[in-house]
Amino acid sequence: MAGTGGTVRAGGHRGDGSPCAPGLFSLPAQFLSLAGAQPPLLTLDPPWTPLFEGQMVTLTCGTPDEHVPTVWRIDGKSRRNRASRLQHYLWSTGRSSFQCQRPGSEFSLPIELSVSDDSVVLQAPVQPVLEGDALVLRCRGWRDRRLSSASFFHNGVLLRGGGQEGNLLLAPAQRHHSGRYHCTVHTFLRTVESKLNEVIVHELFSVPELSVDGPRDPPEGSALTLACVTRGSPLRPRVALRHLFYRDGVVVAGPQGSPQHLLRALALPDSGSYACEAWAEAANVQKRSAPVTITVRRVPVAGATLAAQPPGAQVAAGESLVLSCAVAAGTGPLVFSWHRQGQAQPLAQGPRYELPAARPEDGGRYFCRATDGVTAATSPQLHVTVVVPVAGATVRVAGTEVAVTEVAGTEGERLNLSCAVQAGTAPVAFAWLRDGQEVGEGPILPLGTLGLGHAGAYQCVATNQVGARRAFQVLSPSVALSVTRRGRGQWRGQALAGGLSASLLVLLAASAVLGWHLWRRRHPAAKKSQERDPRAPPGPSAPAVPSTDTSEPEYSDVCPEDVVYAAVVVTEQGGGGPASPSGPAAPQEPFVTYAVLPGPRGATGPGGLRRVPSDSYENVPRA
């Protein structure tokens, strides 16, 4: 392209050729010291390069038609103007540079253009071309004359030939459109070719990079943030972008304005190849990042624990009990199962197990097991207690099984009371009340020897509990204990009855002895038979005959203090009958029949034993 930049005309004239007014450049000195604000946008009309020598251009600094003091810098030389618009003639070939500055701002970005005196030029936009813009190239003759039948070339390759308008539109512009362009025009005599024009399509924003906030092999259950990072162009800093996120080529998030995507709780299916895409919707420019592989690793199951509601796993029968299972480590999906000690099959599955109405037989040791299909963990056992509240308390005389409501005792007797319940889970505590006052504890109340002070109304209180703060109590019906005083007449009557019993027994004993002596006298043969030679053969047996021998028989194994003989009969066997063929019968020991009669009621026998009305009598044969 042609050579030197255009300059401002000499002789103190403005760019439009009008003379400069005096005092135009007398602006305050601090005007030039202001910096730091956003630079203004400088535009050129016509917006092409190269332009032809002698052609007029209009420069606008910022908003058009504003009368704002402006500093213009043309080819490195500064001049001041009261307006933000400046007209300028291009009198020299070559390259020209333009900048402007407004109060409180920096200098604008420069506009570089070429000035040519060629007969044919290829014109490109003077403003920077960014991706997504409409790139227009023009083939023009001297002094901006339109040409027909122009052909356009990109890096020496024909793009289009024989165009009628002399323009080439590339829309939207892309990075690969950058390069060297020229055009040719065919006339009757020859073909005219323009000089090369370097065209650069600037990047609207950089290719995004997918950033991972954390390790690329995160554990299951953790969170991970993905960020689609791009850098905008300073030529066009305010570009609205939309973002999309892909996993294995499938959109998992977006389009969205935020450049971040949060994976809250990673699972194994979240593993894969991730990428992000930035999209400038207005410019229709899309760019995708390079893929990033994320591998979610499984965490072994560990630390299974079991909790109960209510705490302690103790409930009353009929109440609800809920067990919950949790793990300290491990990633899903997890499968929970419930077990009871002594049972082979699981009770249920799931992180919760409920007994809506617990029964006593539901008590026992429970535990849960969690597994991810590869690893497993088992919780410690939890003892579940189902307590049956105490009910049906009754009072009994100790040693009996019948509940009583009245007990009559005699002074001096021994008496104990016991308390029992029809239902209630052990341990059951018992307390005793007499006339409303506590007098003892335990299932048995030992009263011992009754006295008149033991009389009163007795009740027992049975208690069991669920946990440490909840107790059940039941009160037995009242039992009235009456104690009768033992008077003097009772002792005298018992003594008289004892005396009569003793006298009767002595009389019976005397009668028995007398009868025995009479019998011995009437049967002397019985005594003789006892004196036979034992070596003589026995004679024939004879029927028993009462003996008349009056001698006193001897008795063994009889305690005289303990027995009174009321009737004694001695029977001989074999005497007085016919002799047996082998000779007379051998003498045999007589049988003695006697009655055991204990002493009077209340008497104390040998060994300190006390006779009671239940003593029995029997006939004891003498051996």
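Check the entry above for the structure.
Everything numeric in this text was worked out from a predicted model, so none of it was measured. (Residues numbered from 1 in each chain as written. Predicted model: local features only at pLDDT ≥ 70, side-chain atom pairs only at ≥ 80, totals over all residues. Heavy atoms only, no water.)

A word on the overall build of the protein chain. For the protein chain, the helix and strand inventory stands at two helices and 48 strands. Across the 623 residues that make up the protein chain, the buried fraction comes to 38%. For the protein chain, the proportion of contacts with a sequence separation of at least 24, taken over those separated by at least 6, is 64%. Here the protein chain displays about 34,300 Å² of accessible surface, and carbon together with sulfur accounts for 54% of that area. (Helix = DSSP H or I, 4+ residues; strand = E, 2+ residues; numbered from the N terminus. Buried < 20%, exposed > 50% of the residue type's maximum accessible area, 1.4 Å probe, protein only. Contact = heavy atoms within 4.5 Å. Areas by Shrake-Rupley, 256 points an atom, 1.4 Å probe, with all protein chains shown as cover.)

Moving on, we get to the packing of aromatic side chains. The tally for this structure, following the rule as stated, stands at four aromatic pairs. What links up through ring pairs into an aromatic cluster is the set Trp 338, Tyr 353 and Tyr 366. Over the ring of Phe 107 we find Arg 73; its NZ or CZ atom is 3.8 Å from the centre of that ring. Cation over ring: Lys 287 sits above Phe 205, and NZ or CZ is 4.9 Å from the ring centre. (Phe/Tyr/Trp six-rings, centres within 6.5 Å; stacked < 30°, edge-to-face > 60°. Lys NZ or Arg CZ within 6 Å of the ring centre and 35° of its normal.)

Attention now goes to unusual backbone geometry. For the peptide bond that leads from Thr 49 to Pro 50, omega is 0 degrees, which places it in the cis range. Tracing the backbone shows Pro 50 in the loop between strand 2 (48-49) and strand 3 (51-52). Of the consecutive residues Ala 171 and Pro 172, the connecting peptide bond is found in the cis state with omega at -10 degrees. Among the structural elements, Pro 172 can be located in the loop between strand 16 (167-170) and strand 17 (179-186). Positive phi outside glycine occurs at Asp 75, with the angle close to 50 degrees. Tracing the backbone through its elements, the reader meets Asp 75 in the loop between strand 5 (70-74) and strand 6 (77-81). In this structure, Ala 313 takes a positive phi of about 55 degrees despite not being glycine. By the secondary structure assignment, Ala 313 is in the loop between strand 29 (305-309) and strand 30 (314-316). The exposure class of Ala 313 is buried, given its relative accessible area of 0%.

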